[in-house]
Amino acid sequence: MSSNDYTIKEAIAEAKRCLHCKVPACKKGCPISNDIPDWIAELAKGNFGNALQIINGRSNLPAVCGRVCAHEKQCEGNCVLGKKGEHINIGKLERFIADFDSATRMTPVMIPQKGRGKIAVIGSGPAGLTIAGDLSRQGFSVEIFEMESEPGGVLMYGIPEYRLPKDVVRTEIKKIEKLGVRFHLNTVVGENLTIDDLFAQGFDAIFMGTGTGVPNRLDIPGLNHQGVRQAIRFLRRVSLYENGNISREEVIVGDGDKVFVVGCGNTGIDAARTALRMGSSEVTVVYHKDMEQMSALKSEYEEALSEGVRFLWNTEIVRIEAENDEKLKSIILNINGEVKELPADHIVMAIGSAPAARIVSTTKGIDVDEKGYVLTRENPYGMTTRKGVFAGGDVTNRPATVVHAMRDAKNVAEGIARYVDAVRLIETINSETVSHE
């Protein structure tokens, strides 16, 4: 147990501080409308199983949400006790309940009958896992197709270990697997098989939750040098190294290097703090706006600052200089109107990414916008321009965080269920009509 975790006594004491508001602002602040006062009330009485059952009504990943959600902007930021600076530590309580259940195997897994339909899910990030968990609980047979050797998507390969331990992700995924969800790993849809192949296998609907894997690029001289790395790929390499899948040399960044991270969202902060943990001597975050406009959580910024990460605000990259084809020399920056050249060993870009095109390019009928994001409709929610193919999460350019991807996926799950039920009803009516004729 981490020093940041509650004991049973501490968790119950914290839960008892909740006012159980009649109109809970914390619930309104939660993107997935978690019934926060209800499960906290059960926790306060020591009914841990009841508390988790209430949480599971809205979330398939409570141990994850309890660690990486933007609580300060969402549930905790809306808690009425926050006006006195004493908000309920909702995230920490959710983490306690989920971890307690995992450690004690408190809640039995009820596997529903699987006769309602067959669903394929492409990608096992937050959106894909949410779809799989929700639909499996509703009686659908669900199979997930994942390109990596281990499921989890951004939870496994994009969020550092210090923020989200990988064993926590594995435990949450095992719970979803126990619902009857099947996983096909090392399987790239668009290469190993196509959308058409999946329909040929008898799936009633297909969900695309493939995220965004192609980094955005800036038009800056020297940016194509191999000393310039993408944050999402850097974090993935670190995760692979920490899991024993690649050598330390393949991570490249670290070991006394001077590192610049471009971008100040949560991914940029994660990359900066991870670069320090990999042994970099200096890590500087470069952001073209001021601190008030950064998209990263203030708590993440403050922790990075305390660890020694430096920040340059209102700063633009002018160009990147190299010593040779393999080694960088410096980064030239415009800092509040003053141009400076600073020595740099590695530059990590954290300015966002766009969807890969391998599924769309191998499938007819799926329209995208000018940036490559998949277009979807409102009714049934999440269906693309191809009948029976749905999409959600980052690939549609809607969510911004794990819990927002989960909220979007929950809406898509409802759309899929309605679609499959409607199609099957029509098929039944048609077959009965034919038989009567």
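Structure shown above.
In this report, we go over the structure that sits alongside the text. Since this is a predicted model, take the numbers as computed values, not measurements.

## Examining the overall build of the protein chain
Part 1: Each helix and strand in the protein chain was counted, giving 16 helices and 15 strands.
Part 2: The C-alpha radius of gyration of the protein chain comes to 23 Å, within 12% of the 22 Å expected for a compact globule of 437 residues.
Part 3: With the principal axes as the frame, the protein chain shows a C-alpha extent of 80 × 55 × 40 Å.
Part 4: Counting the 437 residues in the protein chain, one finds 50% classified as buried.

## Quick word on the sheet that holds strand E2 (residues 141–145)
Part 1: In space, the five strands of this open sheet follow the order E3-E2-E1-E4-E15, with parallel pairing throughout. Edge positions in the sheet fall to strand E3 (182–184) and strand E15 (389–391), since each has one partner strand and no second. Neighbour-to-neighbour, the strand axes of the sheet open up by a mean angle of 20°, direction not taken into account.
Part 2: Direction of pairing for strand E1 (residues 118–122) relative to E2: parallel, over a ladder of five bridges. Residue pairing across strands places Ile119 opposite Val142, the latter belonging to E2.
Part 3: Running at roughly 165° to E2, helix H8 (residues 126–137) makes contact with E1, E2, E3 and strand E4 (205–208) of the sheet.

## With respect to helix H3 (residues 36–44)
Part 1: Here H3 lies mainly inside the structure; seven of its nine residues are buried.
Part 2: If you check which residues of H3 are buried, you get Ile36, Pro37, Trp39, Ile40, Glu42, Leu43 and Ala44.
Part 3: Count one or two residues on from H3 and you reach Gly46, which has phi positive near 85°.

## Here's the deal with unusual backbone geometry
Part 1: With an omega of -5°, the peptide bond running from Asn379 to Pro380 counts as cis.
Part 2: Topologically, Pro380 is positioned in the loop between helix H15 (358–361) and E15.
Part 3: A positive phi angle, near 55°, is found at Ser33, a position not held by glycine.
Part 4: With respect to the helices and strands, the residue Ser33 is situated in the loop between helix H2 (25–29) and H3.
Part 5: Within the chain, Asn314 stands out as a residue other than glycine whose phi angle is a positive 50°.
Part 6: Among the residues examined, Asn314 registers a relative accessible area of 32% and is labelled partly exposed.

## Focus on the side chain of His346
Part 1: With respect to the helices and strands, His346 occurs in strand E13 (residues 346–349).
Part 2: Looking at His346, its side chain comes within polar contact range of the side chain of Asp257, at 3.2 Å.
Part 3: The contacts of His346, once residues within four sequence positions are left out, are Gly227, Arg229, Ile252, Val253, Asp257, Lys258, Val259, Phe260 and Leu328.

## A look at the pattern of salt bridges
Part 1: With the rule as written, the count across this model stands at 25 salt bridges.
Part 2: Measuring nitrogen to oxygen at the nearest pair gives 3.0 Å for the salt bridge that ties Arg273 to Glu303. A residue pair is termed long-range when its members are at least 10 positions apart, and Arg273 in helix H13 (residues 266–277) and Glu303 in helix H14 (residues 298–307) qualify at 30 residues.
Part 3: For Arg273, a relative accessible area of 3% corresponds to the buried category.

## Here we look at the packing of helix H12 (residues 231–242) against H13
Part 1: Here H12 crosses H13 at 45°, and the two axes come no closer than 10 Å. Comparing the axis directions of H12 and H13 gives the class oblique. Relative to H13, H12 is oriented so that their crossing is left-handed. For the pair H12 and H13, the contacting residues are Ala231, Phe234, Leu235 and Val238 in the first and Thr267, Asp270, Ala271, Thr274 and Ala275 in the second.
Part 2: Grouping the amino acids of the contact of H12 with H13 by side-chain chemistry returns six nonpolar, two polar and one charged.

## Concerning the packing of aromatic side chains
The description of an aromatic ring pair uses the distance of the two centres, along with the angle that the planes make with each other.
Part 1: Counted according to the given criterion, the structure contains nine aromatic pairs.
Part 2: Aromatic side chains Phe48 and Phe100 sit 4.8 Å apart centroid to centroid with 80° between the ring planes, which places their arrangement in the edge-to-face category. With a gap of 52 residues between them, Phe48 in helix H4 (residues 48–56) and Phe100 in helix H7 (residues 90–104) connect regions that are remote in the sequence.
Part 3: Take Phe100: its relative accessible area is 22%, and that puts it in the partly exposed class.

## Focus on the sheet that holds strand E12 (residues 338–343)
Part 1: Pairing is antiparallel across the open sheet formed by three strands, whose spatial order is E10-E11-E12. Both outer strands of the open sheet, strand E10 (315–322) and E12, are each paired with one neighbouring strand and no more. Neighbouring strand axes in the sheet, compared pairwise and without regard to direction, differ in orientation by 20° on average.
Part 2: Note: strand E11 (residues 328–335) against E12, six bridges, orientation antiparallel. Note on E12: the bridge partner recorded for Ile332 is Glu341.

## Side note on the state of the cysteines
Put plainly, a disulfide is one covalent bond tying together the sulfur atoms of two cysteines.
Part 1: In this structure the tally under the stated criterion is zero disulfides.
Part 2: Considering cysteine sulfurs only, Cys69 is the nearest to Cys65, which forms no disulfide, with 4.0 Å between them.
Part 3: Cys65 sits in the buried class, given a relative accessible area of 2%.
Part 4: For Cys69, a relative accessible area of 11% corresponds to the buried category.

## What about the packing of helix H1 (residues 8–15) against H3?
Part 1: The geometry of H1 relative to H3 is characterised by a closest axis approach of 8 Å and an angle of 130° between their N-to-C directions. With respect to H3, the axis of H1 lies oblique. As for how H1 packs across H3, the hand of that crossing is left-handed. Packed against H1, whose contacting residues are Ala11, Ile12 and Ala15, the element H3 presents Ile40, Leu43 and Ala44 at the interface.
Part 2: Taken together, the residues of the contact of H1 with H3 break down into six nonpolar, no polar and no charged.

## Side note on the pairing of E2
Part 1: Burial of E2 is extensive: four of the five residues sit out of reach of the surface.
Part 2: Viewed along the sheet, the connection from E1 through H8 into E2 turns out right-handed.
Part 3: With three bridges connecting them, E2 and E3 associate as parallel partners. Within the sheet, the bridge partner assigned to Ile144 lies in E3 and is Phe183.

Each value, and the rule that gives it
Residues numbered from 1 in each chain as written. Predicted model: local features only at pLDDT ≥ 70, side-chain atom pairs only at ≥ 80, totals over all residues. Heavy atoms only, no water. Helix = DSSP H or I, 4+ residues; strand = E, 2+ residues; numbered from the N terminus. Rg over C-alpha atoms; globule rule 2.2 N^0.38 Å. Buried < 20%, exposed > 50% of the residue type's maximum accessible area, 1.4 Å probe, protein only. Pairing = 2+ DSSP bridges. Axes fitted to C-alpha atoms, helices over the stretch in contact; angles between N-to-C directions. Contact = heavy atoms within 4.5 Å. Polar contact = N/O pair within 3.5 Å; in protein donor to acceptor, adjacent residues only side chain to side chain. Salt bridge = Lys/Arg side-chain N within 4 Å of Asp/Glu carboxyl O. Parallel < 35°, antiparallel > 145°, perpendicular 65-115°, else oblique. Left-handed = near helix turned anticlockwise from the far one by under 90°. Nonpolar A, V, L, I, M, F, W, Y, C, P; charged D, E, K, R; others polar. Phe/Tyr/Trp six-rings, centres within 6.5 Å; stacked < 30°, edge-to-face > 60°. Disulfide = S-S within 2.5 Å. Right-handed = clockwise from strand over helix to strand, strands pointing away.

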